[in-house]
Amino acid sequence: MPYKKISLKNSGKKAFLILMESLQIPMNEAQKLIDKKRLFCNTKLVEEKNAILNGLIELIVYENKPRGVELVYENEDFAILEKPSGVLTHPNGRHCLYSLCDEIWHLWGRKACVAHRLDKETSGLILVAKNKIAQQITKSLFEKKQIYKEYVALVRGKVQKQFSIHKAMALNENYDGHKTRMDINENGKEAFTQFEILENFEDCTLLLCKPFTGRQHQIRLHLFYSKYPIIGEYLYGLDKNQIQKILDKTLTQKERIQMTGANRLCLHSQRLKFWYQGKEFDFVSQKNIKEEFLQARYCETNPLS
């Protein structure tokens, strides 16, 4: 999401008051902008909310640059989008040129936001709350595990029968890298996932994944732990140097496929089912995700099966 600096009126007041008056926003939003390191005075970052500002006052603002996204459903409170693989759910800093927020804010304004997150390379259905009340309701639904989710994954190996993993997870504190990784940890938070076979291939299996808890990387870690890693997986199973090359996009498509088995993580948010304001909603992705996954294993210069 591209950004620019805009100049604010120099009023010799406290930092948060300048933001409130200039942008016509409440105090908590003004304070958040300062916490996010978006306010500058005389080119220096403003970190104190009560600092009296004099001189050149500038604010970093982000500009929406929508590229188009598939809208599955919309009502006055929420929407369902098909997130493509390779798109961040949220901008991750000033150097992020595009995220799903470009689409969401373009369509519904800055009060709209995703109700949950999908990893950058995970594709599929994502729920967007369009206003504050909808945010509170959908957040509560997720916290109370009242949203039923299904994912589809293409994994290495031929799975012979359905199985489940009930292993607690926690943040890997020993990983000194640039990306969050999780670990199986009996002292962590409960995590439970069921897996069902959709289709077997010669060297891989298409699985239906049902996470009954909502931990970060839950499906990815549980499948890695079960010895059926997702094809295209890079966070679990590779060393830090290899992970960094993928994150930095310094590999060719051929090298990425050779390293992980596909040019993307073969994981897709397939279904979202929940009750909202007394009405049941059940959304199923219409993408031909099996074909997308199989195509992700190929490269024009290095066809792989």
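Coordinates for the structure precede this section.
The structure displayed is predicted, hence computed values, not measured ones.

## A word on the overall build of the protein
What the protein contains, in helices and strands, is eight helices and 16 strands. Projected onto its principal axes, the C-alpha coordinates of the protein cover approximately 70 × 50 × 40 Å. Among the 305 residues that make up the protein, the fraction classed as buried is 45%. A separation threshold of at least 6 residues defines the contact pool for the protein, and within that pool the share at least 24 residues apart is 64%.

## Comments concerning the sheet that holds strand β3 (residues 44-45)
The strand order across the open sheet formed by four strands is β1-β4-β2-β3, and the pairing between neighbours is antiparallel. The sheet is open, and its two edges are formed by β1 (3-8) and β3, each paired on a single side. Sheet topology note: the β1/strand β4 (residues 57-62) ladder contains six bridges and is antiparallel. When the bridges of β4 are listed, S7 appears paired with E58. In the packing of helix α1 (residues 15-23) onto the sheet, the strands contacted are β1, β2 (39-41) and β4, and the crossing angle to β1 comes to about 100°.

## Looking at helix α4 (residues 132-143)
Side chains three or four residues apart in an α-helix point the same way, a direct result of the helix having 3.6 residues per turn. Here α4 contains 12 residues, and its C-alpha end-to-end distance of 16 Å stays within 8% of the 16 Å for a straight helix at 1.5 Å per residue. Every buried residue belonging to α4 is among A134, Q135, T138, L141 and F142, and all of these are buried. All buried residues of α4 fall inside an arc of 130° around its axis, so they share one side. Structural note: α4 exposes K132, I133, Q136, K139 and E143 on the side pointing more than 90 degrees away from its buried face. Where the residues of α4 are buried, they touch β7 (113-114), β8 (123-129), β9 (148-156) and β15 (267-276). Where α4 begins, the capping side chain belongs to N131, and its oxygen is found 3.2 Å from the backbone nitrogen of I133. Positive backbone phi, approximately 60°, marks K145, located one or two places after α4.

## Looking at the pattern of salt bridges
Two side chains carrying opposite charge are able to pair once their charged atoms lie near each other. One pass over the full model with this rule turns up 15 salt bridges. A salt bridge links E21 to K13, with the nearest nitrogen and oxygen atoms 2.9 Å apart. E21 gets classed as partly exposed once you look at its relative accessible area, which sits at 40%. Its relative accessible area of 33% is what places K13 among the partly exposed residues. In this structure, K290 engages E199 in a salt bridge whose closest nitrogen and oxygen atoms are separated by 3.2 Å. Pair noted here: K290 is in helix α8 (residues 289-296) and E199 is in strand β13 (residues 192-200), with a separation of 91 residues, a long-range link. Here K290 falls in the partly exposed class, since its relative accessible area comes to 25%.

## Topic: the side chain of T213
Summarising the element assignment, T213 is placed in the loop between β14 (204-211) and α5 (218-225). On the accessibility criterion, T213 (4% relative accessible area) is buried. Reaching out from T213, the side chain makes a polar contact with the backbone nitrogen of F192 at a distance of 3.0 Å. Here Q218 takes part through its side chain, which lies 2.8 Å from a polar atom of the side chain of T213.

## Some thoughts on the state of the cysteines
A covalent bond between the sulfur atoms of two cysteines is what we call a disulfide. All told, the structure shown has zero disulfides when counted by the stated rule. No disulfide involves C113; its sulfur sits 8.2 Å from the nearest other cysteine sulfur, which is in C101. Left unpaired, C266 is separated from the closest cysteine sulfur, that of C204, by 8.7 Å.

## Quick look at the pairing of β9
Walk down a regular strand and you will see the side chains alternate between the two sheet faces. Burial of β9 is extensive: seven of the nine residues sit out of reach of the surface. Where β9 lies against β15, six bridges are found, and the strand directions are antiparallel. From the neighbouring strand, Y148 faces β15, where its bridge partner is K273.

## Details of the nonpolar core
Among the nonpolar cores identified, the biggest contains 40 residues, and I104, L223 and I230 are the most heavily contacted of them. At the level of elements, β6 (78-83), α3 (100-108), β8, β9, β10 (163-166), β14, α5 and α8 are the ones that each hand at least two residues to this core. The contact partners of L223, leaving out residues within four places of it in the chain, are A153, V155, F163, F195, L207, C209, Y228, P229 and I230. F16, I25, V46 and I57 belong to the second largest nonpolar core, which has 15 residues in total.

## Things to note about unusual backbone geometry
The backbone of T43 sits at a positive phi, close to 70°, despite the residue not being glycine. Mapped onto the elements, T43 comes out in the loop between β2 and β3. Here T43 falls in the exposed class, since its relative accessible area comes to 58%. Look at Q277: it is not a glycine, yet its phi comes out positive at around 55°. Turning to its location among the elements, Q277 is positioned in the loop between β15 and β16 (279-284). Residue classification places Q277 among the exposed positions, given a relative accessible area of 61%.

Rules behind the numbers
- Residues numbered from 1 in each chain as written.
- Predicted model: local features only at pLDDT ≥ 70, side-chain atom pairs only at ≥ 80, totals over all residues.
- Heavy atoms only, no water.
- Helix = DSSP H or I, 4+ residues; strand = E, 2+ residues; numbered from the N terminus.
- Buried < 20%, exposed > 50% of the residue type's maximum accessible area, 1.4 Å probe, protein only.
- Contact = heavy atoms within 4.5 Å.
- Pairing = 2+ DSSP bridges.
- Axes fitted to C-alpha atoms, helices over the stretch in contact; angles between N-to-C directions.
- Expected span 1.5 Å × (residues − 1).
- Arc of directions from axis to C-beta.
- Polar contact = N/O pair within 3.5 Å; in protein donor to acceptor, adjacent residues only side chain to side chain.
- Salt bridge = Lys/Arg side-chain N within 4 Å of Asp/Glu carboxyl O.
- Disulfide = S-S within 2.5 Å.
- Core = buried A, V, L, I, M, F, W, Y, C linked by side-chain atoms within 4.5 Å.

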